[in-house]
Each structure stands twice: as C-alpha cells, then as structure tokens.
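Inside the fold
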Amino acid sequence: MARSPLTATVAKALRGKTVLITGGTGSFGRAVLERLRTMDLAQIRIFSRDELKQELMRVELSDPKIQFIIGDVRSRESVDAAMRGVDYVFHAAALKQVPSCEFFPMQAVYTNIIGSHNVVESAIAHGVDRVICLSTDKAVQPVNAMGMTKALMEKVALSAARDPLVGTGRGTPRERRTIVAAVRYGNVMYSRGSVIPLFVSQIRAGRPLTITEPGMTRFLLPLSGAIDLILFAFAHAQPGDIFIRKSPACTVADLAQGTADLLEAPLKVHHIGMRHGEKLYETLASREELRRAQDMGDYWRVRMDGRGLEYAKYFTEGDTGEVEVDDYTSHNTERLDVEGVRRLLLTLPEMRAELALGPAADRGPSPRAARARRNGKAVPASARPTAPARMERVATPDADRPRTAARSAGSRPRARR
Ligand SMILES: NC(=O)c1ccc[n+]([C@@H]2O[C@H](COP(=O)([O-])OP(=O)(O)OC[C@H]3O[C@@H](n4cnc5c(N)ncnc54)[C@H](OP(=O)(O)O)[C@@H]3O)[C@@H](O)[C@H]2O)c1
C-alpha cells in the first residue's frame, strides 16, 4: 500500500532505531504499533503494567522486533531499565478515565504527573533524541482531576525544554540531545470506554441511548487521525512544542442519531443530564496559546512560552498585543451534521466491522446493501456505495455558539501588535 508523505518521512527517520511506547498495550499504543511495524525499526519496546494484556499481544503479533517490558511509570527504576538504548519515546501511559481520576485524584497525580516526569527525566538522562507526550483537550481550562493532571503533565514535560541545554545542541552530548514535545487531541472515536461503543451496545440490546446533554459538543477524531498527529509531531517537533490537530465536532444528539441511523434502529434516548466533571464543550487550544501558534494546515504548533528562567519577565514584562483570537473549542470548530457524523462513523474500522462492511478504502457496500446481502436479497440501487466517505461539515449557527467563540476556529489565529 502506498505510504503517505508523512509516514514516508517518519519511516526514513526511524530506520534502524529503537522506539519505546509507554502504555503500548492501550488503544493508542496498539494503533501506533501497527503503523510502526510497516517501517524498518530495529526494536519497538512496549512498556506497561498488566502482563495479561502484554501476553495476549505478544502471542497475537509474534514479532521478534517487539519487546514487552513490565513496568510502571511511577517507578523511575523500571522506566530507566526500559530506556537504555532507546532513540525515541512515545509516552502514552496514563490514567485517562474522568470518574476514576475524580474519585482517586492522587492516583492520577502519581501516574500522569510523577510518572511523566520519570519518563522525561529518564529519557534525558539516557540521551534519547525525542519524547512525544500525549495530552488531551481536557487539559485546557480543566474542570476535573484527569484534565488537571494532564495539564500538569504538559507543564512538567515541557519544562524540560526550558532547561538551558536540553534540545539546543549545546552542552555534553547527553545533556543537549533530547527534544520534548506534546500532542493534544480530543475524544478518539470508538476508543475504549468512549460513547460510541456504548451507544452501539445500547442499540444492540434494544435499550435507550443514555444522552447527557443533547447540545453538548465534542471533537471527533478517528484513531488514525491521532496517529497522524503524533507522527506529524515527531517529524516537526522543536523543544516545548504542543501540536494540535484541527478537528470537526458534533453534538451528542447528532452522534446518537448518526449511530442509530447506521444501525438502522429507531432512536430512543434517556436524557441523564451533565455528569460530574463534564463540560458543555471542550477546548483544544486557548486564545493565549493561539496567539503564539503557527498554523500548519491541518495542525497547529503551539510554541513554548520561551521566557526562560527569568523571573522579571513574568513579573514586570507583559504583552501589549491586542487579543483578537478566540479559544478553539468544540462549539466553534466546524460542526458535522447527522449526515456528516454518519459518513465519518462509516470510515471507522470498528463501525465497519460492527456493520459487517469491508475496509473503508474499498468503499464497501452501504449498511443497507450489506444487510440486503446478508439476508440474501438484491441490493437496492439507492443502497449502492456512492462517493467515498468524506467529512461533511456545516457551519455552526452563531446563535448556538458561546459568546467567546465568535470566529470560526480553524482559520488562522490573529494577534494585532
Ligand atoms: N482515548 C482517547 O480518547 C484519548 C484522547 C486524548 C488523549 N488521549 C491520551 O492518549 C494516551 C493513550 O490513551 P489510550 O486511549 O491508548 O488509553 P488506554 O487504552 O487506557 O491505554 C493506557 C495504557 O497505559 C498503560 N498504563 C496505565 N497506567 C500505567 C502505568 N502506571 N505505568 C505504565 N503503563 C501504564 C496501560 O496498560 P496497563 O494498564 O497494563 O499498565 C495501557 O497500555 C493517554 O495519555 C491519553 O490521555 C486519549
């Protein structure tokens, strides 16, 4: 299969190298591993706690280039043992469920903050070239312990870029090498514990869909988009960068309707109201960040606030530039309607498997056609595949937007100086 230019660039850089993936048995880890296995790496190390998940993966993949290491990011010793000889790190290990972090916030502190600190410090000590840390939209203006600890993970990780030597090319080879950067993205569609598999199981069981707040919006990113983001960050990272992929969003009501349509089920909903620790909409980048962001097409690069360790610059020197930028939120990004949601859902391998469709690339039959075929009936003309699935976006009516989100994000942030 032809490689995208991005995958080809990364494949060239990774040839003969060793990569460590913390949290490599999770949804992200498995997906990035799939992409990395198409490249010519020397070794890929999977680092996580649970031996059963590792064992299942080891048996399934049976690949001598993949090494499985039991360890815990909370233990610097175990991280150090995994880090020897590593060239690049993708740091995905985390506690990421909002309720569990809310109930046990110190556990989130130990894993998401202290664990990330261990990974970054160990990478620097071992002369690793690059560390890419995975963060989330919930880290921006956080309202729950998960988001708060991921926000601090970003601060802790990126403070390494402020070290006067790290990533600058100065100092001893060990001190100067490591570039630490982060990526931030919103909900990964169909990831473990997310709402789409929940809706699917509720529909299959004939139960009503539990909808929190119909007008609540969320960014929509397929897992393949998250992998592209991390490869893009890998290819372009400078010390302290945060990369963000521009993504469409939809309301929870439209997501429920789109899912029910695809499964050809009538939409029954049970409205439960907003849950503890939830926001009406998520923010991927704050206006303050967007003022120093570089628009890179499908991505933004938020550069580090590069004021170094000079306290005076924090206390006495502000910025007189006029702020003309809004936060980039799931309320003011491009909005998918039900049809757009349906088409995007149809590109997901999990949804295609659920509907017994072929891979997205071959455009496969529509759900109606697949059902007709399964039932041994002729495929109606209206159910034959038409154009390839494409994200269709509709503008958000101004009335639906919060006051702070007047401009359509996705356009270039501007700051008048
Ligand atoms: N999924 C999303 O929607 C989403 C959105 C934005 C950002 N992210 C970020 O992307 C990253 C990966 O998410 P994911 O969806 O792949 O999560 P996931 O499926 O829950 O996987 C988490 C991984 O981390 C490992 N892990 C957890 N605690 C650990 C510890 N203390 N030490 C070592 N390994 C540990 C887990 O394995 P063991 O349990 O065996 O240790 C597992 O391999 C996270 O940082 C998350 O915040 C995810």
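So, here's what we can say about the structure. (Residues numbered from 1 in each chain as written. Predicted model: local features only at pLDDT ≥ 70, side-chain atom pairs only at ≥ 80, totals over all residues.)

Buried residues dominate helix α11 (residues 252-262), accounting for eight of its eleven residues. In the segment just after α11, Glu264 is the residue with positive phi, at about 50°. (Buried ≥ 20, exposed ≤ 12 C-beta atoms within 10 Å, placed from the backbone. Helix = DSSP H or I, 4+ residues; strand = E, 2+ residues; numbered from the N terminus.)

Quick look at the nonpolar core now. Counting residues in each nonpolar core, the largest one holds 101 residues, and the members touching the most others are Ile21, Ile132, Ile230 and Ala233. Counting residues per element, this core draws most heavily on helix α10 (residues 223-236), at nine residues. Among the domains, domain 1 (10-185) and domain 2 (348-383) are the pair contributing at least three residues each to this core. With residues up to four places along the chain from it excluded, the contact list for Ile230 reads Val32, Phe90, Ile132 and Val183. (Core = buried A, V, L, I, M, F, W, Y, C linked by C-beta atoms within 7 Å. Domains from an automatic or database assignment. Contact = placed C-beta atoms within 7 Å.)

Consecutive side chains along a regular strand alternate between the two faces of the sheet. When you tally the buried positions in strand β6 (residues 179-185), you get seven out of seven residues, the bulk of the element. Of the two faces of β6, the one carrying Ile179, Ala181, Val183 and Tyr185 and the one carrying Val180, Ala182 and Arg184 are both buried. Sheet topology note: the strand β5 (residues 130-136)/β6 ladder contains seven bridges and is parallel. Its bridge partner being in β6, Thr136 is matched across the sheet by Tyr185. (Pairing = 2+ DSSP bridges.)

Around the ligand sit 30 residues in total, of which Gly23, Gly26, Arg49, Asp50 and Ala94 are the nearest. Only α2 (27-36), α6 (105-125) and β5 provide two or more residues apiece to the shell around the ligand. Per-element accounting of the shell around the ligand gives the leading share, three residues, to α2. Considering only residue class, the shell around the ligand consists of eight nonpolar, 14 polar and eight charged. (Near = placed C-beta within 6 Å. Nonpolar A, V, L, I, M, F, W, Y, C, P; charged D, E, K, R; others polar.)

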